[in-house]
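Results of the structural survey
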Amino acid sequence: MTESNTSISEILLKAERSEPAIVYSKEMLKMNSDGKEIFVISDLHISEGRDTSGNYSGTENFFFDDSFERFIDNKLTQLKAEGGTLIINGDFIDFLRVTKYPDSENDFICWQRELLKLAVDKTISELKSSISDKEKKYGLKTNDYKTIWKFFLVVNGHNKIFSSLAKWVSSGNRLIIVKGNHDLEWIWPLVRNYLCVILSELIANTGTKPIELCFKEILPQIFFVDDSLLIDENIFIEHGHKYDRYCTIVGDDLLNKKTELNIPFGSFFNRYLINKIELAFPFIDNVRPREDLLPLLFRERFFLGLRVLFQHIPFLFLIIPKRYYKYMFSRVFVFMLAILIPLVFVIIGLWNTLEPLIVGAYSTGPSPKNIGEIILYQAKNILVDLLPIVLSFAFTRIAAYFQLNEPDSLNEPGRKKLIEFSQYKVVAFGHTHNPEKFNLDGRWFYNTGTWIPIVETSSASIREDKTFTFLHIKHEKDDSIQSALLRWNDNAGRDDELILIESKE
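Residues numbered from 1 in each chain as written. Predicted model: local features only at pLDDT ≥ 70, side-chain atom pairs only at ≥ 80, totals over all residues. Heavy atoms only, no water.

1. Details of the sheet that holds strand β11 (residues 426–429)
The strand order across the open sheet formed by six strands is β2-β7-β8-β11-β13-β12, and the pairing between neighbours is mixed. Pairing within the sheet leaves two strands with one partner each, and these edge strands are β2 (28–31) and β12 (436–440). Each neighbouring strand pair of the sheet contributes to a mean axis angle of 15°, computed without reference to strand direction. Relative to strand β13 (residues 443–447), β12 runs antiparallel, the two being bridged by five bridges. Directly across from Phe438, in β13, lies its bridge partner Phe445. Those strands touched by helix α15 (residues 411–420) are β8 (235–237), β11, β12 and β13, and its axis lies near 30° from that of β12. (Pairing = 2+ DSSP bridges. Helix = DSSP H or I, 4+ residues; strand = E, 2+ residues; numbered from the N terminus. Axes fitted to C-alpha atoms, helices over the stretch in contact; angles between N-to-C directions. Contact = heavy atoms within 4.5 Å.)

Put into C-alpha cells, the structure is as follows:
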C-alpha cells in the first residue's frame, strides 16, 4: 500500500470515529444555492462499460461518455464566477447491472487494493470464499465491500465520466448525488468514500496537487441525498421511485445484520430476470411500468416470452420475498391460461391421432384407398393438432395487447407536491425515463428524463430527441427563478429546447 493510500485511509478512519467526512442526508437535505446555477440530470444507468475487446455487454445502457464529457466542458465554460451545482438525481450508477465477478488472481488483487484505499483489509482468501455460486451467475450481492468491486469495474469502463466529474469539482463546483432505486448502494459510507477517492486520484493524476490535498478539498463539494433535496426552500428534487410501488423498499433498508440491502421487487426483477433477457433483447429495461415486460415480450418476441414464462419466472418465485407473490401471479396467471388451455386441446388432439395407431390403425372406420388419401388424412390431423398452438400464440398476443399500457408518469405525485407545498416553485423528479413538464399557477413540475437510449419497440429505432435531457435552473437579479427543460445537442455543442407534445385522449 502506497504512502498516499495510507494517508487517505487515515483520513477515512478518523472520519468514521468522529463526524462524517461527507455530507449525507438520510431525510431531506436542505441547502442554499448561493446564487449558483443548477443543472439536474438523472438516470444515466452506467454499468460495466466496454470489455477488453471494446464491446459492450447486453446489460449496459450508457454509451455516451464522450458526449457527457463535452456537456460538462460546455457548462464549465458557460458558468459565471459563482460556479454551479450539478445534481445527478438518482440511478447514476446501475449497480444491479454489474454482473461480472472477480475470477482471475489479478481480479482479486485489484479488489483487495481498492479496499485498502478505504482502510478495509481483507485477504485474497477471504475475498474468494465470500463469493457464492449464485453470485457467479447473477453478480455479487449488495454488501458494501462487494459493491466496491462493482464500482471499480464501472470506473474502469467509464473513465471519462469520472474524469469529467473530477474536473467539475476541482473547479470549485458542487456535485450532489441523489440515491435512486438502481443505486441504493450509496447508503454505504464505503461507497460514498470510494467516489471521493476516485475523483481525488483523477485530480492528482494531473500533477497539480498531492492526492491527500485533493481528497480534503473535494469533500466539501460533494453531497449525498438518500431521500430528497430542498434548495432555497423552494426547489424540491427527488428521484421519484418511491411513488412506484414496485421500486419502493418494504421494511428496513438493511438486512442480514445490516450487511446487505433490502432491495425492492423491481431490483429482484432486474437482477434475476432482466439482466438475462437483455442479452437477447437489449434495452428491455426501458419498458415502463415493470409489469408490462411480459406483455411486451409476447407481443414482440413470442418465443422469448415463452422461455421467460417457463424458465426464468419459476426460478424467480423461489428467490423473491413472499410479499411480492400477488404481484407476480396477477400478471403471469393470464399468460399461463392463454397458453395452457390451448395446450390441453393439443394433448387431446394428439391422443386422438395416435390412439388408432396404438390400438389398430383405421380398424373402426374406412381405410384410405391410396397414398393421396393417406396424405390428406394425416394433413387434416396435423392441422387439427396445430390449431390449439396457433390459438395459444394468438391468445397471448391478444392478452399482451390489452395489458400493455402507456409508460408510467409522475405528473400526479408532482402535482400533489406543488399543491401541498405552495412555497415550492420547482419540483423535479426522474425515474420514468420520460421527460415531462407542466405549469401550475406559475410554478413548474419537471421530469428530467434520461441519458440512455429510448427505443421505440415498434420500429427498434433510438429516439435521439429524448436523450441527453436536463433541467437548468438559475436565479435572476430580482430573485426570480428561471427554469427550463433542455436537451444537450451533442452534434452542435449547444443546449436546445426540448420539444414535448401534450396528448389528450
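Here the narrative resumes.
2. Re the pattern of salt bridges
A full pass over the atoms with the stated rule returns 16 salt bridges. In this structure, Glu114 engages Arg113 in a salt bridge whose closest nitrogen and oxygen atoms are separated by 2.7 Å. A relative accessible area of 2% means that Glu114 is categorised as buried. According to the relative accessible area criterion, Arg113 is partly exposed, its value standing at 38%. Taking the shortest distance from any N to any O, the salt bridge between Glu201 and Lys117 comes out at 2.8 Å. Here the residue Glu201 occupies a position in helix α8 (residues 189–204), and Lys117 occupies one in the loop between α3 (105–116) and α4 (124–129), the gap between them amounting to 84 residues. Residue Glu201 is classed as buried on the basis of its relative accessible area, which comes to 16%. What emerges from the salt-bridge pattern is a single network uniting Arg113, Glu114, Lys117 and Glu201. (Salt bridge = Lys/Arg side-chain N within 4 Å of Asp/Glu carboxyl O. Buried < 20%, exposed > 50% of the residue type's maximum accessible area, 1.4 Å probe, protein only.)

3. Notes on the packing of aromatic side chains
As enumerated under the stated definition, the model contains 30 aromatic pairs in all. Between the aromatic rings of Tyr243 and Phe429, the centroid separation amounts to 5.3 Å while the plane-to-plane angle is 35°, which identifies the pairing as tilted. On the criterion of sequence distance, the pair formed by Tyr243 in the loop between β8 and β9 (254–255) and Phe429 in strand β11 is long-range, its members being 186 residues apart. Here Tyr243 falls in the partly exposed class, since its relative accessible area comes to 31%. Exposure remark for Phe429: the relative accessible area of 0% places this residue in the buried category. Cluster of aromatic residues (ring-pair linked, three or more members): Phe39, Tyr56, Phe62, Phe63, Phe64, Phe68, Phe71, Trp168, Trp451, Phe468, Phe470 and Trp488. Taking NZ or CZ as reference, Arg415 lies 4.2 Å from the ring centre of Phe438, over its face. (Phe/Tyr/Trp six-rings, centres within 6.5 Å; stacked < 30°, edge-to-face > 60°. Lys NZ or Arg CZ within 6 Å of the ring centre and 35° of its normal.)

4. Thoughts on the nonpolar core
Grouped together as the largest cluster of nonpolar side chains are 75 residues, with contacts concentrated most on Phe92, Phe151, Phe162, Leu165, Leu175 and Leu199. Considering every element that reaches this core, the biggest residue donor is α8, with eleven residues. In terms of nonpolar packing, the next biggest core, distinct from the first, is built from 21 residues, Val40, Ile87, Ile176 and Ile481 among them. (Core = buried A, V, L, I, M, F, W, Y, C linked by side-chain atoms within 4.5 Å.)

5. What to know about the pairing of β11
Side chains Val426 and Ala428 of β11 all project onto a buried face; the interleaved residues Val427 and Phe429 project onto the opposite face, where all are buried too. Two strands pair when backbone bridges link them, and β11 and β13 are joined in this way by four bridges, in the parallel orientation. Counted as the bridge partner of Val427 is Phe445 from β13.

6. Points about the environment of Gly449
With respect to the helices, strands and loops of the structure, Gly449 is situated in the loop between β13 and β14 (455–456). By relative accessible area, which is 0% here, Gly449 ends up buried. Between the C-alpha atoms of Gly449 and Asp43, which are 406 residues apart in sequence, the distance is 7.2 Å. Contact partners of Gly449, with chain neighbours within four places excluded, come to Ser42, Asp43, His433, Asn434, Pro435 and Thr469.

7. Focus: the side chain of Glu135
Relative to the assigned elements, Glu135 resides in helix α5 (residues 133–138). Every residue in contact with Glu135, bar those within four places of it in the chain, is listed here: Tyr101, Ser130, Leu140, Lys141, Lys146 and Arg271.

8. A look at the pairing of β13
Of all five residues that make up β13, four are buried, and the element is covered over most of its length. Hairpin connection between β12 and β13: a loop of two residues separates the two successive antiparallel strands, and Asp441 in this loop has a positive phi of roughly 55°.

9. Let's talk about α15
Along an α-helix, residues three or four apart share an orientation, since each turn contains 3.6 residues. Every buried residue of α15 is listed here: Pro413, Gly414, Lys417 and Leu418. Looking down the long axis of α15, one finds its buried residues gathered within 140° of arc, a one-sided arrangement. For α15, exposure combined with an orientation more than 90 degrees from the buried face picks out Lys416, Ile419 and Glu420. Lining the buried residues of α15 we find β8, β11, β12 and β13. (Arc of directions from axis to C-beta.)

10. Observations concerning the side chain of Ser42
With respect to the helices and strands, Ser42 occurs in the loop between β3 (37–41) and α2 (65–78). Here the side chain of Ser42 touches Asp43 through a polar contact of 2.8 Å, side chain to side chain. Sequence-distant contacts of Ser42, that is, excluding residues within four places in its chain, are made with Asn89, Gly90, Gly430, Thr448, Gly449, Thr450 and Trp451. (Polar contact = N/O pair within 3.5 Å; in protein donor to acceptor, adjacent residues only side chain to side chain.)

11. A look at the packing of α2 against helix α7 (residues 159–170)
Between α2 and α7, the least distance of the axes is 8 Å, while the angle of their chain directions is 10°. Classified by the angle their axes make, α2 and α7 are roughly parallel. Along the contact surface, α2 presents Asp65, Asp66, Phe68, Glu69, Ile72, Asp73, Lys75 and Leu76, while α7 presents Lys160, Ile161, Ser164, Leu165, Lys167 and Trp168. (Parallel < 35°, antiparallel > 145°, perpendicular 65-115°, else oblique.)

12. Some thoughts on unusual backbone geometry
Positive phi is not limited to glycine here, since His45 has a value of about 55°. Considering the arrangement of structural elements, one finds His45 in the loop between β3 and α2. Located in the positive-phi region is Lys257, a residue other than glycine, with phi close to 60°. Within the fold, Lys257 resides in the loop between β9 and β10 (260–261). Taking the relative accessible area as the measure of exposure, Lys257 reaches 83% and is therefore exposed.

None of the figures reported here should be taken as evidence of function without further support.
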